[in-house]
Amino acid sequence: ADFTGKGSFVGKSNMLARPLRPLVYWSNSIMMDFVRPQQKLETYKKEDGSAVVVLKFLASHGVQERNLTIIMTWAFSLAPDSRHVLFQSHGNVDDDVRAFLFDVKFTPMSITGIYSGGIEQMMYQNDWQAYFPSSDDLLEVFAAGPKDYGCIEVIRQSSLRVRDGKSSNLSTCLFSSTGATGLQEIVVGRLKNVDRWTTCDLEQEDFRCSKLPCFTSFSHSWMIFPNEWSYPVSAVIDDKTSQGVYSFFELSEDGLAKVSSLEMISSAISIYTNLVGILNSHRGSVVDGEQIDQIATGIRHPDRGYQDMYNFFDPDSFFSVQALLLSGSRYIHEQVRRVIERSGFYICMNSTQVCSKGQVPHHFVKDQPVFHAISGERQTGPNVFWILTSIEFAKITANYTWISQQLPLLRTALEYLLNGFDEDVGLIWADGSLMIDTFRRVGFTSDTNAIIIHLLQEFADVEQKFGNESLANQLRTISATIKKSFNQRLWRDDHVATSIDREGNFVDFVDYDSNLMAIALNATDSEEKDKKILERIDSNPLAARVPTWVSEVIYEGEMSRPKGGTADSVCGMARIAWFNALARRKLDLPRHFRFFLHNLLTKISSDLLDRTWLPERYTIDGAPQLDRTGFYFEYPAVLLLLLYKILLGVEFGFRSIVIRPWRVNKFRIAFGEIKIHYIRCKHVKLTTHMHGSTFFLLSNMADEHKPLRYSISSSCTGQPANSMQ
């Protein structure tokens, strides 16, 4: 495929490991056979300019004194300026045929199936269990990566068979091996096993027709989208029949005038090739025979890091869920909602030896909740980030009914955190780290208190939205109290300390996570403090080289978990890079923009483009750390947030949408049903299916050299546009 649409195919790999073939098993005693097309090939053009190729098939075989037949027609069509090939077939199969199916093999190595009931992904599966037969209807499938392998995407528009007057959809098997991926669509035959990686064994269906002749009629249609880049392209085009791709932005500050599509491409690789596949929601993905909605930390290849562990809100799932919400896909939003609800369902409602009342599970092992970190520490992170994720879900989807129903659980989770509030000190006591469980942090810690200030403000907005003014005011008062004490007790010359105990003794590793959060989440009380923090951090060469280094002082010995190592102290973390970007966006100086662009956004983006998948951490040299957990979600998820929320400045609120680009002249972007076209001082067009917004904040729309004029129009599907000037 040629992404540019110019027909330049030289040097680009073939995405088919084996062509699309019809396969038949005439009977139990006869081996598989190929149904070959008749020699004459028909080609013609439609009135709209579409080129069409038609193949006709006629096959027969004698079985037990009967002549079994298959009659079929295939048509491939390509419309002008289209990014997809349309494949349609129809025909009849004799009912006594044991099995008949379509088979195609792809060269891209990670395959993801989007089913009516959930998502299934696999890569490099063992040959003896290379097929995934599903009991659900397959809506879409795509195979992608690694670099230079591209992506091939199949959207199943229809798949129907009619037998004896009764209709049903065609069943399917995904395929994954060490050398290829693929798809089988079953026209006739019954799957012996379903909903697990096994074989695609078929047996003859137990069926007798009521009248002669006995045959199965079928018809089906695929939209096939090839892409030289490793992501499914249908989600980022104007519509399913258009060539136009939403994939550029233009910078014009500090001599950076350019049009870039690479960061847009890397963000699409992030969301579709890295993140969609970690939604383990198909029946059997977590526990055999059960559908359990959980999210993993990476794709399967065929194992995965943190095997059989899911829903880490410490803060892993906070980032992966936010990124998935930006897909603009109602289907993915529904999957994400169920993931959030699963962790909420298992909130500890009564204190026991295992958990305390209001505690959100740290993660799940298979389908069982666990309330402590892998290191054994008890973190505040799961409660903090599960609440923030729930609020973000409601904002982006505008599903206010949902969050109003979740409020009792959210309050219970918040109460668990506020139980640590010491009125005399004015801070929250924490028994562990907020989001790095391998660090020993205890006391009035700066990481937990920095984010609690922000969390309480967010929660107050939720309470206010539903008319709970008194509760909202109480939360804002506590937030202000913590902020005041945070600055009085934890501030040390040019940064905040790690923690302080009740006697006033400091522990201070000059942590970059808590200090960057302090700036980003408005925990500091002056811009002067913000500048001092960044000056201190930027004085460390590691902080500039690694996105983003963890702390100035290494955690080791008694301060690491397990004791004696250096924990996660000698590496870069994407979660800290996120708060780094937020902090620099807040100060909004040219040098901070350059740091964000070169040391964070484009650095991570170029690594992802080069590798397609990234490991869990970065090394001290500022490169992906290949001996850490591979195919990990975190850097791809944060990359998408850096682009969407920091550079392009797109934020969803309760009944509001903010578009506040950071030194961007224009951009055009789309994920699913979220589409934005922005031209500074001229034009903004926003399309979204899920937001009943009444308030819009659009930055940089006034030209100081021209009088301000505006024209605003809005419309809903099936309704006339409203406009004003």
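Residues numbered from 1 in each chain as written. Predicted model: local features only at pLDDT ≥ 70, side-chain atom pairs only at ≥ 80, totals over all residues. Heavy atoms only, no water.

**Section: the pattern of salt bridges**
Summed over the entire model, instances satisfying the criterion amount to 45 salt bridges. In the salt-bridge network here, residues are joined through shared partners; they are Asp316, Asp568, Arg575, Glu616, Arg617, Arg628 and Glu634. (Salt bridge = Lys/Arg side-chain N within 4 Å of Asp/Glu carboxyl O.)

**Observations regarding the state of the cysteines**
One pass over the full model with this rule turns up 2 disulfides. Note that cysteine 173 is cross-linked by a disulfide to cysteine 200, the S-S spacing being 2.0 Å. Given an S-S torsion of about 80°, the disulfide between cysteine 173 and cysteine 200 has right-handed geometry. Linking cysteine 173 in strand 14 (residues 171-176) with cysteine 200 in the loop between strand 16 (190-191) and strand 17 (202-203), this pair joins segments that are 27 residues apart in sequence. In this model, cysteine 348 is linked to cysteine 355 through a disulfide, with the two sulfur atoms separated by 2.2 Å. (Disulfide = S-S within 2.5 Å. Helix = DSSP H or I, 4+ residues; strand = E, 2+ residues; numbered from the N terminus.)

**A few points about the sheet that holds strand 25 (residues 368-370)**
Sheet strands pair by backbone hydrogen bonding; their relative direction is either parallel or antiparallel. With antiparallel pairing, 3 strands are arranged side by side in an open sheet as 23-24-25. Among the strands making up the open sheet, the edge pair consists of strand 23 (309-310) and strand 25. (Pairing = 2+ DSSP bridges.)

**A word on the pairing of strand 37 (residues 683-687)**
Summarising the sheet, strand 36 (residues 674-679) and strand 37 pair through 5 bridges and their orientation is antiparallel. Each bridged residue has a counterpart across the sheet, and for isoleucine 676 the counterpart in strand 37 is leucine 686. Remark: 3 residues form the turn of the hairpin made by strand 36 and strand 37, two consecutive strands paired antiparallel; cysteine 681 in that turn has positive phi of roughly 65°.

**Considerations on the packing of aromatic side chains**
For the structure on display, the rule yields 29 aromatic pairs. Consider the rings of tryptophan 74 and phenylalanine 102, whose centres lie 5.5 Å apart with planes at 90°: the pair is edge-to-face. On the criterion of sequence distance, the pair formed by tryptophan 74 in strand 5 (residues 66-78) and phenylalanine 102 in strand 7 (residues 99-106) is long-range, its members being 28 residues apart. An identical accessibility class is assigned to tryptophan 74 and phenylalanine 102; each is buried. Arranged with centres 5.4 Å apart and planes meeting at 80°, the rings of tyrosine 346 and phenylalanine 364 form a pair that is edge-to-face. You can see tyrosine 346 sitting in the loop between helix 3 (330-345) and strand 24 (363-365) and its partner phenylalanine 364 sitting in strand 24, a full 18 residues away along the chain. Through successive ring pairs, a cluster of aromatic residues spans Phe57, Trp74, Phe76, Phe87, Phe100, Phe102, Phe218 and Trp222. (Phe/Tyr/Trp six-rings, centres within 6.5 Å; stacked < 30°, edge-to-face > 60°. Buried < 20%, exposed > 50% of the residue type's maximum accessible area, 1.4 Å probe, protein only.)

**Some thoughts on the confidence of the model for the protein**
For the protein, per-residue confidence averages 90 on the pLDDT scale, and residues scoring 70 or more make up 93% of the total. Contacts of residues 239-246 to residues separated by more than four positions or lying in other chains number 31 contacts, the stretch itself having pLDDT below 50. Low pLDDT, under 50, characterises residues 253-259; the predicted model gives this stretch 18 contacts beyond four residues in sequence or across chains. (pLDDT = per-residue confidence, 0-100. Contact = heavy atoms within 4.5 Å.)

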